[in-house]
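Listed here are the chains, written in short residue letters.
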Amino acid sequence: MPTNEKEINCYLFDQLSILERIEAVTDDEKALKQIAIERRQIERKLYQQPPLIKE
């Protein structure tokens, strides 16, 4: 379990990388639509203000 914001951000960037790799190899419109939804959810967590954890 991540313990600080930097670890959480690394985890979220890893998730974005996975989505990018899947997106690069699929032509399925339903899958691409779901990837876009997942990307927005991850980015919302990644770029939220205030940060996830207050130091």
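Note: the structure precedes this text.
Here the structure is a predicted model, which is why all the values come from computation and not from measurement.

### Concerning helix 2 (residues 29-46)
And then number 1: In this model, helix 2 (18 residues) spans 25 Å end to end at C-alpha, consistent with the 26 Å of a helix rising 1.5 Å per residue.
And then number 2: Every buried residue of helix 2 is accounted for by Ile 35, Arg 39, Ile 42 and Leu 46. Each buried residue of helix 2 lies within a common arc of 70 degrees when the element is viewed along its axis, so the set occupies one face. Turned more than 90 degrees away from the buried face of helix 2 sit Glu 29, Lys 30, Lys 33 and Arg 44, all of them exposed.
And then number 3: Contacts made by the buried residues of helix 2 are with helix 1 (5-25).

### A few points about the pattern of salt bridges
And then number 1: In the structure shown here, the tally under the stated rule is two salt bridges.
And then number 2: Note that Glu 20 and Arg 39 form a salt bridge whose closest N and O atoms lie 4.0 Å from each other. Note that Glu 20 is positioned in helix 1 and Arg 39 in helix 2, a separation of 19 residues in sequence.
And then number 3: Residue Glu 23 is joined to Arg 39 by a salt bridge in which the shortest nitrogen-to-oxygen separation is 2.7 Å. Of this pair, Glu 23 sits in helix 1 while Arg 39 sits in helix 2; the two residues are 16 residues apart in sequence, bridging distant segments of the chain.
And then number 4: Accessibility expressed as a relative area gives 18% for Arg 39, which makes it buried.
And then number 5: Among the ionic contacts, a cluster of salt bridges with common partners joins Glu 20, Glu 23 and Arg 39.

Reading guide: rules and limits
- Residues numbered from 1 in each chain as written.
- Predicted model: local features only at pLDDT ≥ 70, side-chain atom pairs only at ≥ 80, totals over all residues.
- Heavy atoms only, no water.
- Helix = DSSP H or I, 4+ residues; strand = E, 2+ residues; numbered from the N terminus.
- Expected span 1.5 Å × (residues − 1).
- Buried < 20%, exposed > 50% of the residue type's maximum accessible area, 1.4 Å probe, protein only.
- Arc of directions from axis to C-beta.
- Contact = heavy atoms within 4.5 Å.
- Salt bridge = Lys/Arg side-chain N within 4 Å of Asp/Glu carboxyl O.

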